[in-house]
Amino acid sequence: MDDEEARTRLLDAAEALFYAEGIQAVGMDRIRAESGVPLKRLYKVFPAKEALVAAYLERRDRRWMASLRDAVEAAAGDPVGAVFEWLAGWFAEPGFRGCAFLNAFGELGAGPAGVLDVVRRHKAELRALLGEAAGGAGAGREELAEQLLILVEGATAVAALTPGPEPARRAGAAATTLLAAAAAA
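Residues numbered from 1 in each chain as written. Predicted model: local features only at pLDDT ≥ 70, side-chain atom pairs only at ≥ 80, totals over all residues. Heavy atoms only, no water.

(A) Representation of the overall build of the protein chain in the model. Of regular secondary structure, the protein chain possesses nine helices and zero strands. Tracing the protein chain from N to C terminus, the helices and strands come up as α-α-α-α-α-α-α-α-α. C-alpha extents for the protein chain along the principal axes are approximately 60 × 30 × 30 Å. With 185 residues in all, the protein chain has 39% of them scored as buried. Counting only contacts in the protein chain whose residues sit at least 6 apart along the sequence, the fraction spanning at least 24 positions is 68%. With the model as given, the accessible surface of the protein chain reaches about 9200 Å², and the carbon-plus-sulfur share is 56%. (Helix = DSSP H or I, 4+ residues; strand = E, 2+ residues; numbered from the N terminus. Buried < 20%, exposed > 50% of the residue type's maximum accessible area, 1.4 Å probe, protein only. Contact = heavy atoms within 4.5 Å. Areas by Shrake-Rupley, 256 points an atom, 1.4 Å probe, with all protein chains shown as cover.)

Here it is as structure tokens:
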């Protein structure tokens, strides 16, 4: 097994375990056992748990944002509506446990810096995507992006407690009202 295969196996195991059970609840021995990667190789690839957590979140960010961006780009005339439809599908997936990034922040707080950086970058990228989806320009677009981000995050938190598409649909209806009010202003 080379380092790249070990990295993939470790990230697969880490993602499944961290998302389902939490970062603090899962130790490196468990990840080693689930991945089948020898301990020496694990610590060669990821010298500390913080590095593994950051890599897990970075990989999840790339996949999550690419999927959401594809949905927005494929939307015919209603990119903001596409965001909330995509969320509705995600919220209904088996094993949905909310936002991995907010879950990580909730568990780890402001430390470790590498993990916090990944969480902040993810939210900044999501805010930018929402601004693009909302259209417009200038300060109005930035304000709409912030408001839409609050709707997305709120819907995600509600869905973590009550999985299913309804929180996304309700937030999508609020987004429609918000966009109509912004257009009328």
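(B) Spotlight on the environment of Asp78. Structurally, Asp78 is set in the loop between α4 (49–74) and α5 (79–91). Looking at Asp78, the relative accessible area reads 43%, which means it is partly exposed. It is 8.2 Å that separates the C-alpha atoms of Asp78 and Ala133, two residues lying 55 residues apart in sequence.

(C) Main features of the side chain of Thr156. In this structure, Thr156 sits in helix α8 (residues 138–161). A polar atom in the side chain of Thr156 sits 2.7 Å from the backbone oxygen of Val152. Residue contacts for Thr156: discarding those within four places in its chain leaves Trp90, Phe91, Phe96, Gly98 and Cys99. (Polar contact = N/O pair within 3.5 Å; in protein donor to acceptor, adjacent residues only side chain to side chain.)

(D) How the structure looks around the nonpolar core. Formed by 54 residues in total, the largest nonpolar core has its most connected members in Phe18, Ile31, Leu57, Phe84 and Leu87. Considering each element in turn, this core owes the most residues, 10 residues, to α4. In this structure Leu87 touches Trp64, Val152 and Ala168, once residues within four positions along its chain are discounted. (Core = buried A, V, L, I, M, F, W, Y, C linked by side-chain atoms within 4.5 Å.)

(E) Structural context of the packing of aromatic side chains. By the definition in use, this model includes seven aromatic pairs. Taken together, a centroid distance of 4.8 Å and an interplanar angle of 90° make the contact between Trp90 and Phe96 edge-to-face. Classification of Phe96 as buried rests on a relative accessible area of 8%. Arg60 extends its terminal NZ or CZ atom over the ring of Tyr19, reaching a point 4.1 Å from the ring centre. (Phe/Tyr/Trp six-rings, centres within 6.5 Å; stacked < 30°, edge-to-face > 60°. Lys NZ or Arg CZ within 6 Å of the ring centre and 35° of its normal.)

(F) Just helix α1 (residues 3–21), in detail. The terminal C-alpha atoms of α1, which comprises 19 residues, lie 26 Å apart, in line with the 27 Å expected from a rise of 1.5 Å per residue. Along α1, the residues classified as buried are Ala6, Leu10, Leu11, Ala13, Ala14, Glu15, Leu17, Phe18 and Tyr19. For α1, the elements touching its buried residues are α2 (28–35), α3 (39–45), α4, α5 and α6 (100–108). A distance of 3.3 Å separates the backbone nitrogen of Glu4 from a side-chain oxygen at the start of α1, and that oxygen is part of Asp2. (Expected span 1.5 Å × (residues − 1).)

(G) The arrangement of α5 in detail. Over its 13 residues, α5 runs 18 Å from end to end, which matches the ideal 18 Å to within 8%, given 1.5 Å per residue. Residues of α5 that are buried: Val80, Ala82, Val83, Phe84, Trp86, Leu87, Ala88, Trp90 and Phe91.

(H) Seen up close, the packing of α1 against α4. Where α1 contacts α4, the two axes come as close as 9 Å, and the packing angle between them is 85°. In terms of orientation, α1 lies roughly perpendicular with respect to α4. Contact residues: α1 offers Arg7, Thr8, Leu10, Leu11, Asp12, Ala14, Glu15, Phe18 and Tyr19, while α4 offers Lys49, Leu52, Val53, Ala55, Tyr56, Arg59, Arg60 and Arg63. In terms of residue class, the contact of α1 with α4 is made up of nine nonpolar, one polar and seven charged. (Axes fitted to C-alpha atoms, helices over the stretch in contact; angles between N-to-C directions. Parallel < 35°, antiparallel > 145°, perpendicular 65-115°, else oblique. Nonpolar A, V, L, I, M, F, W, Y, C, P; charged D, E, K, R; others polar.)

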